[in-house]
Amino acid sequence: TFHFELFLEPVSEEIFSANVFNIGSQSGSSNEENSKPEKHKTPSNHIDKPDKNQISVLVAEDNLTNMLLVKTLLQRAFDDLLIYEAYDGQEAIDICKKFLPDFIIMDLQMPRISGIDALKKIRKIKNAEKTPVIAITAGSVKGEKEMCLEAGMSEYLTKPIAEEDFNNIVGKWI
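These lines cover the structure that appears in this document, whether it is placed above or below. Being a predicted model, the structure only gives us computed values, none of them experimental. For every chain, the first residue of its written sequence is number 1, and the numbers climb from 1 along that sequence. Thresholds applied to this predicted model are a pLDDT of at least 70 for local features of residues and 80 or more for the giving and counting of side-chain atom pairs; totals over whole chains, interfaces and linings are not thresholded and use all residues. Only hydrogens and water are set aside; all other atoms, that is, all heavy atoms of the structure, feed into the side-chain values.

When accessible area is computed with a 1.4 Å probe and restricted to protein chains, residues below 20% of their type maximum are described as buried, those above 50% as exposed, and intermediate ones as partly exposed. Think of it this way: any DSSP run of H or I at least four residues long counts as a helix, any run of E at least two long counts as a strand, and we number them from the N terminus. Among the six residues that make up strand E2 (residues 81-86), six are buried, leaving the element largely enclosed by the rest of the structure. Of the two faces of E2, the one holding Leu-81, Ile-83 and Glu-85 and the one holding Leu-82, Tyr-84 and Ala-86 are both buried throughout. When strand E1 (residues 55-60) meets E2, the two strands line up parallel, connected through six bridges. Bridge pairing links Leu-58 to Tyr-84 in E2. Only when DSSP finds a minimum of two bridges between them are two strands counted as paired.

Another aspect to go through is the sheet that holds strand E4 (residues 133-137). The strand order across the open sheet formed by five strands is E2-E1-E3-E4-E5, and the pairing between neighbours is parallel. What marks the edges here is a single partner per strand, and that holds for E2 and strand E5 (155-158). Averaged over all adjacent pairs, the angle separating strand axes in this sheet is 20 degrees, with direction ignored. Its contacts with the sheet place helix H3 (residues 89-99) against E1, E2 and strand E3 (103-107), and it is angled at close to 140 degrees to E2. Here, two residues are considered to be in contact whenever any of their heavy atoms come within 4.5 Å of each other. Axis definition: a line fitted to C-alpha atoms, limited for helices to the stretch in contact. Angles are taken between N-to-C directions and run from 0 to 180 degrees. In the packing of helix H5 (residues 144-151) onto the sheet, the strands contacted are E4 and E5, and the crossing angle to E5 comes to about 150 degrees.

In structure tokens:
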């Protein structure tokens, strides 16, 4: 028997993590206050990097659930990361210009500017030419992986994202 909860609104990272990573748990108890979704909040992308030795990661993903999943996987696997959030390709470019993250995880299908087009512009930013960029996508188009790698992506992950695959690929670069 599986227990599923469907959230029709964005939820906090704690609620998301508690529900996604405890799939199949038999605990029938539910704290109603903790299971209510929060309203979406604009991320604070305008924080200077406090520690020059801290690894910074840009997650560019327009789907809030996928954004929370990627951030949760990063936080579970790696200590003390500074994570920037972009919800479309243009935001990703702007964050790269302002903060120059050490590493980027980018969805291919985003509004305003696609992941591939954003990558092309990011590669023109001084000191971002060799920044590792992992593409994440539903992977439904034949030849998409090759297209991503030819465009300059460092790696390629398909959705749904398996935690072990995520850790193996991201671990190569962080």
